[in-house]
Amino acid sequence: MLSAIVLFLTVTTAVAVGIVAAYGAVTGILFAFARARKESVPGIPVLVPSSNHASGD
C-alpha cells in the first residue's frame, strides 16, 4: 500500500512539474519573440488618414 502511494505521488508530481515547465517554456518563447518584434518595428501607423485611396478609374 505504501509503495502504491509513493508511486502515485511521484507520477503526479512529475506530470505537474512537466506541465509547469512546458508552460514556462512556451511563455518564455512567446515573450522573447514579442519583444524582438516590437523593437524592430518602431510605431508604424496602420491607418493613415492623410493618404489618398487608390481608384480603379
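Check the entry above for the structure.
Quick notes on the rules
Residues numbered from 1 in each chain as written. Predicted model: local features only at pLDDT ≥ 70, side-chain atom pairs only at ≥ 80, totals over all residues. Heavy atoms only, no water. Helix = DSSP H or I, 4+ residues; strand = E, 2+ residues; numbered from the N terminus. Buried < 20%, exposed > 50% of the residue type's maximum accessible area, 1.4 Å probe, protein only. Patch = residues over 30% accessible without salt bridge, like charges linked within 9 Å, V, L, I, M, F, W, Y side chains within 5 Å. Areas by Shrake-Rupley, 256 points an atom, 1.4 Å probe, with all protein chains shown as cover. Salt bridge = Lys/Arg side-chain N within 4 Å of Asp/Glu carboxyl O.

> For the overall build of the protein chain, give the residues involved together with the corresponding values.
The secondary structure content of the protein chain amounts to 1 helix and 0 strands. In the protein chain, which comprises 57 residues, the proportion classed as buried is 0%.

> Mind laying out the environment of T12, listing which residues take part and the relevant values?
By the secondary structure assignment, T12 is in helix α1 (residues 2-40). On the accessibility criterion, T12 (37% relative accessible area) is partly exposed.

> Describe a nonpolar patch on the surface, with residues and values.
On the surface, M1, I5, F8 and L9 cluster together to form a nonpolar patch covering roughly 490 Å² of accessible area. Among the residues examined, I5 registers a relative accessible area of 41% and is labelled partly exposed.

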